[in-house]
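Structural overview for review
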Amino acid sequence: QVHLVESGGGLVQTGGSLRLSCRGTGFAFYMSSMTWYRQAPGKELEWVAEMNKEGRTTKMIESVKGRFTLSRDDVKNIVYLQMNGLRPEDTAVYYCFASGGWGQGTQVTVSS
């Protein structure tokens, strides 16, 4: 009964910003670590960022450090991925993962 729903994707120009949201239900959200993945067309699924259950530890791939930030709201059961300074290489479907469940993804497209 774990359900995760991503939202906030869209089309943006290089250098623009988007804020992705992942809402979780059916599990103890505040006790769960949250992970973001992405998959570009024709490429393998790529780990992007993760926040531990207490929101104290954040890890992310080197290419997005300084541009992406993670936060979570345990009252609303939402984790956010704030993406600034977007580049065409960030174009992908972004997925969140928690408690053994996946969301269906949200499309991010960055134009040149």
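The structure contained in this document is the topic of the report that follows. Because the structure is predicted, anything quoted here is derived from the model rather than measured.

This part covers the environment of E62. In this fold, E62 is placed in the loop between β6 (58-60) and β7 (68-73). The exposure class of E62 is exposed, given its relative accessible area of 61%. Once the C-alpha coordinates of E62 and N77 are considered, the two residues, 15 residues apart in sequence, prove to be 27 Å apart.

One finds W36, F68, L81, M83 and Y94 to be the most contacted residues of the largest nonpolar core, which totals 27 residues. Tallying contributions element by element places strand β9 (residues 92-98) first for this core, with four residues. Setting aside residues up to four positions removed in sequence, Y94 forms contacts with E6, L20, W36, Y37, R38, F68, L81, M83, G105, T106 and V108.

Strand order across the open sheet formed by four strands is β1-β3-β8-β7, with antiparallel pairing between neighbours. Either end of the sheet is taken by a strand with one partner, and the two such strands are β1 (3-7) and β7. Strand after strand, the sheet turns through a mean of 15° between neighbouring axes, direction not considered. With six bridges connecting them, β7 and strand β8 (residues 78-83) associate as antiparallel partners. Directly across from D73, in β8, lies its bridge partner I78.

Procedures and definitions
- Residues numbered from 1 in each chain as written.
- Predicted model: local features only at pLDDT ≥ 70, side-chain atom pairs only at ≥ 80, totals over all residues.
- Heavy atoms only, no water.
- Helix = DSSP H or I, 4+ residues; strand = E, 2+ residues; numbered from the N terminus.
- Buried < 20%, exposed > 50% of the residue type's maximum accessible area, 1.4 Å probe, protein only.
- Core = buried A, V, L, I, M, F, W, Y, C linked by side-chain atoms within 4.5 Å.
- Contact = heavy atoms within 4.5 Å.
- Pairing = 2+ DSSP bridges.
- Axes fitted to C-alpha atoms, helices over the stretch in contact; angles between N-to-C directions.

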